[in-house]
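Structural overview
For reference, the chains in residue letters:
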Amino acid sequence: DLWDLIKAHDMDNDIMTAASHFCGSHDETNEAGVACSHAYTVISCGEFDKGGEKVRLVKVRNPWGSEQYGGPWSDSDTSRWTQAIQDQLPAVGEGY
């Protein structure tokens, strides 16, 4: 499946990209802060357990660096990023 493909390429340190859907002008963002019709660099992927449910995340970087994702699991989503969750993922710079 797609997750296994992303994970395999991440483990091989391959270069990956992703793109957002068209949602207006390339100067616009959607309600979560994702730039419309825009390419992103895939940095890494990770999965962990949250209350018996497996959560899979893909970490991306906006090469423009001018928009900030603000939806679920964003940097500012403190309700999800508990210390227990952070402990399940590698430290910044060590994978995820």
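Coordinates for the structure precede this section.
Below is a summary of the structure that appears in this document. Bear in mind that the values here come from a model prediction, so they are computed numbers and not experimental data. Note on numbering: residues in each chain are counted from 1, in written sequence order. Side-chain atom pairs in this predicted model are given and counted only at pLDDT of 80 or more, local residue features only at pLDDT of at least 70, and totals for whole chains, interfaces and linings cover all residues. Where side-chain values are given, they derive from all heavy atoms of the structure, hydrogens and water being excluded.

A look at helix 1 (residues 2-11)
Going by this rule: Accessible area is worked out with a 1.4 Å probe on protein chains only. A residue is then buried under 20% of its type maximum, exposed over 50%, and partly exposed in between. Only runs of H or I of at least four residues qualify as helices and only runs of E of at least two qualify as strands under DSSP, and these elements are numbered from the N terminus. By arc we mean the arc of the directions from the helix axis to the C-beta atoms, nothing more. Only heavy atoms matter for contacts: two residues are in contact if any of them lie within 4.5 Å across the pair.
Every buried residue belonging to helix 1 is among W3, I6 and D10, and all of these are buried. All buried residues of helix 1 lie within an arc of 65° about the axis, which places them on one face of the element. The inward-facing, buried residues of helix 1 contact strand 1 (16-19), strand 2 (39-50) and strand 3 (53-61). Positive phi appears at N13, one or two residues downstream of helix 1, with a value of about 60°.

Re the side chain of S20
Going by this rule: We call two N or O atoms a polar contact when they sit within 3.5 Å, provided that within protein one can donate a hydrogen and the other can accept it, with sequence-adjacent residues counted only if both atoms are side-chain atoms.
As for its placement among the helices and strands, S20 is situated in the loop between strand 1 and strand 2. For S20, a relative accessible area of 18% gives the class buried. A polar contact of 2.5 Å, which involves the side chain of S20, links it to the backbone oxygen of A35. Of the polar contacts made by the side chain of S20, one reaches the backbone nitrogen of S37; its length is 3.2 Å.

What to know about the pairing of strand 2
What counts here: One requirement defines pairing of two strands: DSSP has to find at least two bridges between them.
Bridge count between strand 1 and strand 2: four bridges; the pairing is antiparallel. Bridge pairing in strand 2 links A19 to A39. With nine bridges connecting them, strand 2 and strand 3 associate as antiparallel partners. Counterpart to D49 in the pairing with strand 3 is K54.

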